[in-house]
Structure formats: structure tokens, C-alpha cells
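# An overview of the molecular structure
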Amino acid sequence: MRLVVGITGGSCAIYGVALLKALEQLNIETHLVVSRMGQYVVEHECDMKLEELKSLAAYHHDNNDLAAPIASGSFRADGMIIAPCSMNTLGAIANGISNNLVTRAADVTIKEGRKLLLLPRETPLSVIHLENMLKLARIGVKIMPAAPGFYHQPETIGDLVNIMVGRTLDQMGIEHCLSKRWGED
Ligand SMILES: Cc1cc2nc3c(=O)[nH]c(=O)nc-3n(C[C@H](O)[C@H](O)[C@H](O)COP(=O)(O)O)c2cc1C
């Protein structure tokens, strides 16, 4: 399996980092693209420089490189996950704007009919944010608010992150044992 992973400038960069680690452990080929603000938030919240983040992915592409393989539908990928997805990037995708590699790769994912999962994070959500999400959900994009459930009594931030990353992998059809499932011991 080959996935494109985008990290943009929403808070909760920890989900993007944990997702890359999980995909690496599962031997899934990842193509990472990070926006300028995504890099800023990863550094600020996770104390992680871009070089370290890049080392978690199989391939890294510059967000300005609109000629990168993932900018073309002819490059085979099984889907794309943007975690976290800023309202800026979500709005651009919802309106067909693809002026950087994150938004272009998302546009390609949609036009090729592949799975696109977005983990948006903002509060409160404005009508503009909600309308953009609805527009994307209507064409099959999965909107997965970065809001883990608490019904498994998480004790650490790591537990919460695993719940969210696990649900994201579920949506991609990837087997994992990151978190417990309701109704199973
Ligand atoms: C520390 C920090 C946290 C931020 N958190 C959010 C957030 O949770 N959601 C959001 O939509 N934007 C957030 N922003 C603002 C975005 O980074 C900003 O809108 C930026 O233009 C997004 O660019 P990008 O989509 O290219 O990453 C945050 C900015 C900073 C500096």
C-alpha cells in the first residue's frame, strides 16, 4: 500500500507524527508533504525538526514542488490523509484550489476517486468551515474531526492519540492494534 500524508498548520500535529510512525511500523509506503505552517506547528508542539519528521516517511516532497510524483493522477497511490488539516487547506481543497503540493495532491486524490481523509482541527467552527466540510463530505471525502472518544478510559495523551490514529487507519482499511474496540476485550 502507498499513501500520501499531508501535515498542515492546524494544532494537534501530534496526530500527524503518530500516524507516520504507525504507517512506518506497518510497512506502508508514505509520501509526506508538509506545509510551512505544518512544519512550524510540528516544531512548536512536538519539538521536532523537519529533518526528523521526514525520516518517518519513505519519501518527502517539498510543498512548493508541483511537479512531484504525487501531483499527478498517473502516480499510483491508494489514498491520502491530511493530519492535521487546517481550515485554510480544507477551504482550498473544497474550492478546487491547488496552488501547493498538499492541495494539488488532495485535488488529484478526489479526481481519481481515491480515499481522502481529513483530520480538521478548529474551534469553534464557523459556517464557512462547516460548509466547506459538508461540500467535501458530499463527494465522499471523510471528515474525521481530531476528537477522540473517551469510552475506553484513556489515561495518557498517547492513549488519546492512538484512538484517533486507529480510527484513521480503520477508515483506510488498514489492520492495526493501536486501540481497543468497543465490545472486544
Ligand atoms: C500555533 C498555531 C496553531 C494553529 N492552529 C490552528 C488550528 O487548530 N486550526 C486551523 O485551521 N488553523 C490553525 N492555525 C493557523 C494556520 O496555521 C494558518 O491558517 C495557516 O495559514 C495554515 O496554512 P496551511 O494550510 O498551508 O498549513 C494555527 C497557527 C499556529 C501558529
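Residues numbered from 1 in each chain as written. Predicted model: local features only at pLDDT ≥ 70, side-chain atom pairs only at ≥ 80, totals over all residues. Heavy atoms only, no water.

This part is about the UniProt feature "domain: Flavoprotein" (unreviewed entry) in the chain. Mapped onto this numbering, the UniProt entry gives "domain: Flavoprotein" (unreviewed entry) at residues 1-171. Between the C-alpha atoms that bound residues 1-171 the distance is 14 Å, and the span itself is 44% helix and 18% strand. (UniProt positions renumbered as here; feature names shortened; annotations may be inferred. Helix = DSSP H or I, 4+ residues; strand = E, 2+ residues; numbered from the N terminus.)

The side chains of a regular strand alternate, first on one face of the sheet and then on the other. Across the six residues that make up strand E2 (residues 29-34), a large majority, five, are buried. Bridging between strand E1 (residues 2-7) and E2 involves six bridges; their strand directions are parallel. Following the sheet pairing, Leu3 is matched in E2 by Thr30. Taken together, E1, helix H1 (residues 13-25) and E2 form a β-α-β motif whose crossover is right-handed. Pairing of E2 with strand E3 (residues 59-61) involves three bridges; the strand directions are parallel. Residue pairing in the sheet places Val33 in a bridge with His61 of E3. (Buried < 20%, exposed > 50% of the residue type's maximum accessible area, 1.4 Å probe, protein only. Pairing = 2+ DSSP bridges. Right-handed = clockwise from strand over helix to strand, strands pointing away.)

Take the site of the ligand next. In the vicinity of the ligand lie 14 residues, with Gly9, Ser35, Ser86, Thr89 and Arg121 positioned nearest. A distance of 2.7 Å is found between an oxygen atom of the ligand and a backbone nitrogen or oxygen belonging to Gly9. Arg121 is positioned such that a nitrogen or oxygen atom in its backbone is 2.6 Å from a nitrogen atom of the ligand. For the ligand, whose accessible area on its own is 640 Å², the fraction buried by protein is 70%. For the shell around the ligand, the elements supplying multiple residues, two or more each, are helix H2 (36-46) and helix H4 (87-94). (Near = heavy atom within 4 Å. Polar contact = N/O pair within 3.5 Å; in protein donor to acceptor, adjacent residues only side chain to side chain. Areas by Shrake-Rupley, 256 points an atom, 1.4 Å probe, with all protein chains shown as cover.)

Backbone hydrogen bonds are what pair the strands of a sheet, in a parallel or an antiparallel way. Pairing is parallel in the open sheet, where six strands are placed in the order E3-E2-E1-E4-E5-E6. Two strands bound the open sheet, and with one partner strand each, they are E3 and strand E6 (142-143). The sheet strands contacting helix H5 (residues 101-111) are E1, E2, E3, strand E4 (79-85) and strand E5 (115-120), and the helix crosses E4 at an angle near 140°. (Contact = heavy atoms within 4.5 Å. Axes fitted to C-alpha atoms, helices over the stretch in contact; angles between N-to-C directions.)

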